[in-house]
Amino acid sequence: MNFLRGVMGGQSAGPQPSGAETVQKLCDRVASSTLLDDRRDAVRALKALSKKYRLEVGSQAMEHLVNVLQTDRSDSEIIGYALDTLCNLISNDVEEEEPADESEEENAQKTNSDDLAGQFAEIYIKQQENLTLLLSLLEEFDFHVRWPAVKLLTALLKNQGPQVQQIILVSPMGVSRMMDLLADSREVIRNDGLLLLQQLTKANAAIQKIVAFENAFERLLDIITEEGMSDGGIVVEDCLLLLLNLMRNNSSNQNFFKEGSYIQRMKPWFEVAEDNSGWSAQKVTNLHLMLQLVRVLVSPVNPPGATSNCQKSAFQCGLLQQLCTILMATGVPADILTETINTVSEVIRGSQVNQDYFASVNAPSNPPRPAIVVLLMSMVNERQPFVLRCAVLYCFQCFLYKNQKGQAEIVATLLPATIDANSISAGQLLCGGLFSTDSLSNWCAAVALAHALQDNSIQKEQLLRVQLATSLGNPPVSLLQQCTNILSQGSKVQTRVGLLMLLSTWMTNCPIAVTHFLHNQTNVPFLTAQISENLGEEEQLVQGLCALLLGICIYYNENSLENYTKEKLKQLIEKRIGKEIFIEKLAYISKHELYSRAGQKPQPSYSSPEQMLFDHEFTKLVKELEVLITKAVQKSSEDEKKEEEVKKSLEQHDSIVSQYKELIREQDMQLNELKKQVAALTSQNEQGQTTITQQTSQIQQLRDQYNLLKVQGKPLDSQHHIHNEAAQINGIQPKAEAEEIGRLREEIEELKKQHDVLEGQLAEKESVIDKLRTNQTTGNTGEGCLDPAGEQTTELHKPVAIAEAASGDNDSASALMKITQLESRLSALDDENQKLKDQVKLLTEEQRTLNQQLASTTSTVAILETDKRKLQQEVTESKKEQDDLLVLLADQDQKIFGFKNKLKELGEPVEDEDDLESADQEDDDDDDDYEPS
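Think of each chain on its own: its residues are numbered from 1, step by step along the sequence as written. Given that the model is predicted, a residue must reach a pLDDT of at least 70 before its local features are reported, and side-chain atom pairs must reach 80 or more before they are shown or counted; all residues, however, enter totals for whole chains, interfaces and linings. The basis for every side-chain value is the complete set of non-hydrogen atoms in the structure, without hydrogens or water.

**Student:** Even after reading the chapter, I still don't get the overall build of the protein chain, so can you show me in this structure?
**Tutor:** Put simply, DSSP marks the helices as runs of H or I at least four residues long and the strands as runs of E at least two long, and each gets a number from the N terminus on. Of the regular secondary structure elements, the protein chain holds 43 helices and 4 strands. Burial analysis of the protein chain (933 residues in total) assigns 43% to the buried set. Every residue pair with non-hydrogen atoms within 4.5 Å of one another is taken to be in contact. A sequence separation of at least 24 residues applies to 71% of the contacts in the protein chain between residues at least 6 apart. Note on areas: these come from Shrake-Rupley sampling with a 1.4 Å probe, and a residue is covered only by the protein chains present in the view. Summed over its atoms, the accessible surface of the protein chain is roughly 49500 Å², and 50% of this surface lies on carbon and sulfur atoms. Under the scheme applied here, a residue whose accessible area is under 20% of the maximum for its type counts as buried, over 50% as exposed, and between as partly exposed, the area being computed with a 1.4 Å probe on protein chains only.

**Student:** Looking at this structure, I do not really get helix α9 (residues 143-159). What am I missing?
**Tutor:** One full turn of an α-helix is made of 3.6 residues, so residues set three or four places apart face in the same direction. Between the first and last residue of a helix there are one fewer steps than residues, each counted as 1.5 Å, and that sum is the expected span. In this model α9 runs 24 Å from its N-terminal to its C-terminal C-alpha over 17 residues, within 8% of the 24 Å that 1.5 Å per residue would give. Buried residues dominate α9, accounting for 12 of its 17 residues. Regarding α9, the residues found buried are V145, R146, P148, A149, V150, L152, L153, T154, A155, L156, L157 and N159. Looking at the buried side of α9, the elements it contacts are α5 (76-90), α7 (113-125), α8 (128-137), α10 (161-170), α11 (174-179) and α12 (187-200). We define a polar contact as two N or O atoms separated by no more than 3.5 Å, with the added condition that, inside protein, one atom must be a possible hydrogen donor and the other a possible acceptor, whereas residues neighbouring each other in sequence contribute only through side-chain atom pairs. Two or three places before H144, at the start of α9, stands the capping residue D142, its side-chain oxygen 2.8 Å from that residue's backbone nitrogen.

**Student:** Teacher, can you tell me more about helix α26 (residues 439-453) here?
**Tutor:** Given a rise of 1.5 Å per residue, 15 residues ought to cover 21 Å, and the 21 Å separating the end C-alpha atoms of α26 matches this to within 8%. Remark: D455 follows α26 within two positions and exhibits a positive phi of approximately 55 degrees.

**Student:** Explain the packing of aromatic side chains here, please?
**Tutor:** The description of an aromatic ring pair uses the distance of the two centres, along with the angle that the planes make with each other. Only the six-membered ring of Trp is used, alongside the rings of Phe and Tyr, when aromatic pairs are assigned; centres must lie within 6.5 Å, and planes under 30 degrees apart are stacked while those over 60 apart are edge-to-face, with the rest tilted. One pass over the full model with this rule turns up 10 aromatic pairs. Where Y595 meets F614, the ring centres are 5.5 Å apart and the plane angle is 85 degrees; that geometry is what we call edge-to-face. Linking Y595 in helix α36 (residues 593-598) with F614 in the loop between α36 and α37 (616-634), this pair joins segments that are 19 residues apart in sequence. Ring-pair connections join several aromatic residues into one group, and the members of that group are F213, F217, F256, F257 and Y262. Remark: a charge is flagged as sitting over a ring if the NZ atom of Lys or the CZ atom of Arg is within 6 Å of the ring centre and within 35 degrees of the ring normal. In this structure, R186 packs its charged tip against the face of F141, placed 4.0 Å from the ring centre. In this structure, R349 is placed above the aromatic ring of Y401, and the distance from its NZ or CZ to the ring centre is 3.8 Å.

**Student:** How should I be thinking about the environment of L864 in this particular structure?
**Tutor:** You can see L864 is positioned in helix α42 (residues 810-905). Note: C-alpha distance between L864 and N685 (179 residues apart in sequence) is 7.6 Å. For L864, the residues in contact, after removing those within four places along its chain, are L681 and N685.

**Student:** Sorry if this is basic, but what is going on with the state of the cysteines here?
**Tutor:** Here, disulfide denotes a covalent bond that connects the sulfur atoms of two cysteines. Note on terminology: pairs of cysteine sulfur atoms within 2.5 Å are recorded as disulfides. The final tally for this structure, using the stated rule, is 0 disulfides. Between C444, a cysteine without a disulfide, and C390, which holds the nearest cysteine sulfur, the sulfur-to-sulfur distance is 6.3 Å. C483 takes part in no disulfide bond, and the closest cysteine sulfur, belonging to C431, lies 8.3 Å away.

**Student:** Got a minute to help me understand the pattern of salt bridges in this structure?
**Tutor:** Two side chains that carry opposite charge are able to pair once their charged atoms sit near each other. For salt bridges, the criterion is a side-chain nitrogen of Lys or Arg within 4 Å of an Asp or Glu carboxyl oxygen. Throughout the structure, instances matching the rule amount to 23 salt bridges. Taking the shortest distance from any N to any O, the salt bridge between K47 and D84 comes out at 3.3 Å. Remark: D84 occurs in helix α5 and K47 occurs in helix α3 (residues 36-49); sequence separation between them is 37 residues. Overall, the relative accessible area of 28% leaves K47 in the partly exposed class.

**Student:** Looking at this model, I keep getting lost on the environment of S423. Mind explaining?
**Tutor:** With respect to the helices and strands, the residue S423 is situated in the loop between α24 (404-412) and α25 (426-434). Taking relative accessible area as the criterion, S423 reaches 34% and is therefore assigned partly exposed. C-alpha of S423 to C-alpha of R369: the two residues are 54 residues apart in sequence and 9.0 Å apart in space.

**Student:** Sorry if this is basic, but what is going on with the packing of helix α23 (residues 386-400) against α24 here?
**Tutor:** Helix packing geometry: the angle between the two helix axes and the distance between the axes. For the pair α23 and α24, the least separation of the axes is 7 Å and the interaxial angle reads 120 degrees. Here α24 runs oblique to α23, going by the angle between their axes. For the pair α23 and α24, contact is made by F396, F399 and L400 and by G406, Q407 and I410, respectively. In this classification, the charged set is Asp, Glu, Lys and Arg, the nonpolar set is Ala, Val, Leu, Ile, Met, Phe, Trp, Tyr, Cys and Pro, and all remaining amino acids, among them Gly, are polar. For the contact of α23 with α24, the per-class residue count stands at 4 nonpolar, 2 polar and no charged. Axes here mean lines fitted to C-alpha atoms, for a helix over just the part in contact, with angles spanning 0 to 180 degrees between N-to-C directions. Roughly parallel covers angles under 35 degrees, roughly antiparallel covers those over 145, roughly perpendicular covers 65 to 115, and oblique covers all other angles.

**Student:** Sorry, what's going on with unusual backbone geometry here?
**Tutor:** Where the residue is not glycine, phi is negative for most of them; where a peptide bond is considered, it is trans in most cases. At A203, a residue that is not glycine, the phi angle is positive and equals roughly 55 degrees. Mapped onto the fold, A203 is located in the loop between α12 and α13 (205-213). Taking relative accessible area as the criterion, A203 reaches 81% and is therefore assigned exposed. Despite not being glycine, N249 shows a phi value in the positive range, around 60 degrees. Tracing the chain through its elements places N249 in the loop between α15 (234-247) and α16 (251-259).

**Student:** Explain a negative patch on the surface to me, please; I cannot follow it from the model alone.
**Tutor:** Any residue with relative accessible area above 30% and no salt bridge may belong to a patch, with like charges joined within 9 Å and the nonpolar Val, Leu, Ile, Met, Phe, Trp and Tyr side chains within 5 Å. Asp and Glu are treated as the negative residues and Lys and Arg as the positive ones, with His and the ends of the chain left uncounted. The location of each charge is read from NZ of Lys, CZ of Arg, CG of Asp or CD of Glu. Where like charges cluster on the molecular surface, the negative patch consists of E874, E877, E881, D883 and D884. Here E881 is to be found in helix α42. Overall, the relative accessible area of 36% leaves E881 in the partly exposed class.

**Student:** Just to check I follow, could you spell out the side chain of T619 for this structure?
**Tutor:** Relative to the assigned elements, T619 resides in helix α37. Owing to a relative accessible area of 2%, T619 belongs among the buried residues under this scheme. Leaving out residues up to four positions away in the same chain, T619 has contacts with Y595, A598, G599 and F614.

**Student:** Which parts of the structure should I look at to understand the packing of α3 against α5?
**Tutor:** Remark: α3 packs on α5, axes separated minimally by 9 Å, with the N-to-C direction vectors making an angle of 25 degrees. The orientation of α3 with respect to α5, classified from their angle, is roughly parallel. The two elements α3 and α5 meet at a crossing, and its hand is left-handed. Counted together, L36, R39, R40, V43, R44, L46 and K47 of α3 and E77, I78, Y81, A82, D84, T85 and N88 of α5 form the full contact between these two elements. Its residues assigned to classes, the contact of α3 with α5 shows 6 nonpolar, 2 polar and 6 charged. With the far helix as reference, a near helix turned anticlockwise by less than a right angle produces a left-handed crossing, and one turned clockwise produces a right-handed crossing.

**Student:** Quick question: what am I supposed to make of the nonpolar core here?
**Tutor:** Note on soluble globular proteins: their nonpolar side chains tend to be buried together. Y124, L134, L156, W269, F270, F358 and L548 are the most contacted members of the largest nonpolar core, which totals 207 residues. It is α23 that contributes the most residues to this core, 12 residues altogether. If near-sequence neighbours (up to four positions away) are discounted, W269 is found in contact with L221, I224, M229, S230, L240, L243, L287, M290 and L293. In plain words, nonpolar cores are sets of buried Ala, Val, Leu, Ile, Met, Phe, Trp, Tyr and Cys residues tied together by side-chain atoms within 4.5 Å.

**Student:** Even after reading the chapter, I still don't get the confidence of the model for the protein chain, so can you show me in this structure?
**Tutor:** In regions of low pLDDT, the predicted coordinates are not meant to be interpreted in detail. The predictor attaches a confidence to each residue, called pLDDT, with possible values from 0 through 100. Chain-level pLDDT for the protein chain is 82 on average; 82% of the residues reach the 70-or-more range. Model confidence for the protein chain, summarised as mean pLDDT per element, is weakest for helix α41 (residues 798-805) at 38 and strongest for α15 at 96. Note on residues 714-735: pLDDT under 50 across the span, and 45 contacts to partners over four residues away in sequence or across chains. Taken together, the stretch residues 779-810 has pLDDT below 50 and engages in 13 contacts with residues farther than four places along the chain or on a different chain.

**Student:** Please explain the environment of L518 as it appears in this structure.
**Tutor:** By the secondary structure assignment, L518 is in helix α30 (residues 511-519). Taking the relative accessible area as the measure of exposure, L518 reaches 1% and is therefore buried. C-alpha separation for the pair L518 and N557, spaced 39 residues apart in sequence, amounts to 9.4 Å. Residues in contact with L518, not counting those within four places in the same chain, are V524, C553, N557, L561, Y564 and L569.

Here it is as structure tokens:
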């Protein structure tokens, strides 16, 4: 163990071994020792040398340390030493002590700490199994293993982040093992786990999504609540940084955060006490990060739908109200107040509901003042911090963004009828800032007023009514004229740039404002003089803006003033300035460095007041106007006349074509409706034919059954069965049933004749019976026959008495037998007669029903045939009209082709022949689509 004594500072005889030699001996000991204690001591010694001899230990011992991690998993102590040693090698924050006796050669071999860490990290992850082994060690609960494993993994991510992220991404349960660190009861491991996840989630959307779906939001918000929210320590800051990593530029996680109702849990973060004095630096940092987290959710660069949903949730849960409370509170630190203003700005930007609420917020003053007025007072106050004034301007811009109601309210405070001398309004503050001696106030007020006019022609016209009293005894002047007066006085560049941006926004797409501007005889000469002068670089931007304003006067000119028509203004430019120079001066705007910076994002972010020259919305306006003004200036009067003629002819042609298209569209709709009606009637007709066919089959079956029963001698039962079957038939009877009805009528007549014959026979038999009874009565003694009781027999007993009295007489007996037979036959005939009467009654009712159904069917078929003829006639007429329209469209297309050839001859850009042929092909396809089938 002599070499260990030398390493640990013990004295020994002979020359001391160098650091490389000592490390080599320790590495051999780790590789060759069979006893675990010896290997453990050697690894402990390597750990002690890893800071002083970092290069030697890293280059010689790393492979042996990895083998220890693989083979000695059962001993947590040696694993901990090995992990600590690797962490010392790969970590960037190692404090290296310069050895006093280090030679110049050794010092020359020493490289930069960061380079060494990166190289060692690259060597370690070269074998993917090494990182997988490290991830498996995270599952160990032993503190001496788990904690150094977390630190080592964090160091690897710092040095080789993208490579380590890719390996972890494909490693099973890799992210889950790291998420388990947040549930560790030992705070040091949990806190270092937060740092590890921060490094893991940097710039990797896939890992960010996995971490979010591993319930990271719930765990982090719970930790923030447990640690005291904004009053918490560094742990809260780490949680907020991790949340920002997960949601910045990740719309999926933002949507998951919103749908999980986590925005509602952010409201308690911003509850501040009445006494806001004595804020700690950590609390300021925490609250600043919390405000940034809100801004990430409602950032203008997010998808519009996602931003609007988060804005809606912020209002519904009371988060916006809580932010406005901080905004109006006293004693809030300046940087927190500034960030709160920026946060409120983006929460209300483009959301009508949130903008309306913000307009109703009042400051806790006496008397209460609207929050907008209080903020504008800070914006035009040159004693306020620069960043705060920028934040207020951004808030005012967001309040007016796509908010025509708010724009009208701001402009209304400038109109004479609404001015209140006893209170300060937003319009008065803007005018005061516009004409103050502070150039930054001038610029901010001009930009704010320009946003009140953005894309709102009504308010542009209303602002022309504003009159200003400049001094006692002088008549009031318009706001437009006062702006031009200040321009001509030669104020600071920042002031003139702000006023020119205001005038350009005001006069764009507002011919009335252009007329008002040109009505002042001094404005146009001032602009031409500014553009034509050769000034320094600082004035080039002003010259470009003057060229832009003059170009607006040309493009939106209605030629209402004889001295300043479009043509005369262009002649003036050509004589005084020159078209090429004018266009070159106009291009100065977009070439300016600050122009590009302003066009990147809506929020004004400048390091100094002098850099505030451009507004984000104004840069978009310049892009649109530059092309239009360039074309308008370069065109000659003849070209304009020809263009106007062509434009008018094209408009006429377009109107004719649109009329024909509308007519064709209406006829097409009518034709489609008629086709639907024809299809419906055809379907009904087919259904009727099907029903008739079915009923015809049923009637044929009934007829067969009737004939069969009739042959079998069961007319009554068969007639009853026919009646029951006929009662079940519902629908329309065809014309072919008329013959059947006639046949049934004939059968009924035959039955009636048979009935009359039977009645005649019955009458004859009754007369015979009467005669026989008369003869029998005259043959007796004339006395009534008495029964044994001495009473006369009744009429019912007469046949029996006659039979008994005439028992000796054969003729009399024979007659009585005939009488009895006739009576029985008579009774049977009566029964049959009654049945025939019932059958005749049923057949008569059936005949009546069939006649009614036949009449209904005949009328329905006639109606269907009439409708069919009408529809066919309408279809023929529509087809003829469409043919006429197609002929007219072909003529119009020929005219268009002639006009385009004329434009091509005049040198105007027109579509090439391929485009014309493709357009003709598309027209032919459209005509085919309209052709009726």
